[in-house]
Amino acid sequence: QVQLVESGGGLVQAGGSLRLSCAASGRTVSMYTMGWFRQAPGKEREFVAGITWSGGSTNYADSVKGRFTISRDNAKNTVYLQMNSLKPEDTAVYYCSAKTRIFSAIYSYTKEYDYWGQGTQVTVSS
């Protein structure tokens with residue numbers, strides 16, 4: 001069983017920054033690929049960023065490349081999403097996810113991930 005708890009969301013002006021955190025519980029979380037997804041009102045949940053178990057490989061959606069950075073601290077069982085140069089179109093609920101196949105590659109499809117957090121709201125005002 002894996003539990004994921006996101007934090008760090010909030011209201012920020014365009015051009016500002018936020019750092020999201022995802023605290024994970026579970027014996028082998030450090031061996032899982034982790035992902036961040038987001039869902040805006042009326043839209044499907046979409047991939048934002050992913051990171052392999054070691055942090056050695058990352059992947060980003062084109063819309064956030066160069067602005068967002070995913071990282072992880074396995075000693076703390078925590079994954080981060082640093083978001084800079086935020087835009088109003090980044091407004092969404094952001095979800096942390098875990099793929100529990102050990103040492104997996106990064107996938108951008110929601111169906112590939114087995115556990116999800118409750119989400120944290122990010123609102124970017126213009």
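Our structure's up above, just so we're on the same page.
Since this is a predicted model, take the numbers as computed values, not measurements.

Novice: Got a minute to help me understand the sheet that holds strand β7 (residues 68–73) in this structure?
Specialist: Backbone hydrogen bonds hold the strands of a sheet together, and the pairing may be parallel or antiparallel. Pairing within the open sheet is antiparallel, and its four strands lie in the order β1-β3-β8-β7. Bordering the open sheet on either side are β1 (3–7) and β7, each of which pairs with just one other strand. Sheet twist, expressed as the average angle between the axes of neighbouring strands with direction ignored, equals 15°.

Novice: Hey, could you run me through the side chain of T120 in this one?
Specialist: Considering the arrangement of structural elements, one finds T120 in strand β11 (residues 120–125). In this structure the side chain of T120 is engaged in a polar contact, spanning 3.2 Å, whose partner is the backbone nitrogen of G9. In this view, T120 contacts E6, S7, G8, G9, L20, A92, V93 and Y94; residues no more than four positions away in its chain are not counted.

Novice: Help me out: how do you make sense of the environment of S7 in this one?
Specialist: Tracing the sequence through the fold places S7 in strand β1. Look at S7 and you get partly exposed, because its relative accessible area is 37%. Sequence separation between S7 and L20 is 13 residues; the distance between their C-alpha atoms is 5.7 Å. When neighbours within four sequence positions are excluded, S7 is seen to be in contact with R19, L20, S21 and T120.

What counts and how
- Residues numbered from 1 in each chain as written.
- Predicted model: local features only at pLDDT ≥ 70, side-chain atom pairs only at ≥ 80, totals over all residues.
- Heavy atoms only, no water.
- Pairing = 2+ DSSP bridges.
- Helix = DSSP H or I, 4+ residues; strand = E, 2+ residues; numbered from the N terminus.
- Axes fitted to C-alpha atoms, helices over the stretch in contact; angles between N-to-C directions.
- Polar contact = N/O pair within 3.5 Å; in protein donor to acceptor, adjacent residues only side chain to side chain.
- Contact = heavy atoms within 4.5 Å.
- Buried < 20%, exposed > 50% of the residue type's maximum accessible area, 1.4 Å probe, protein only.

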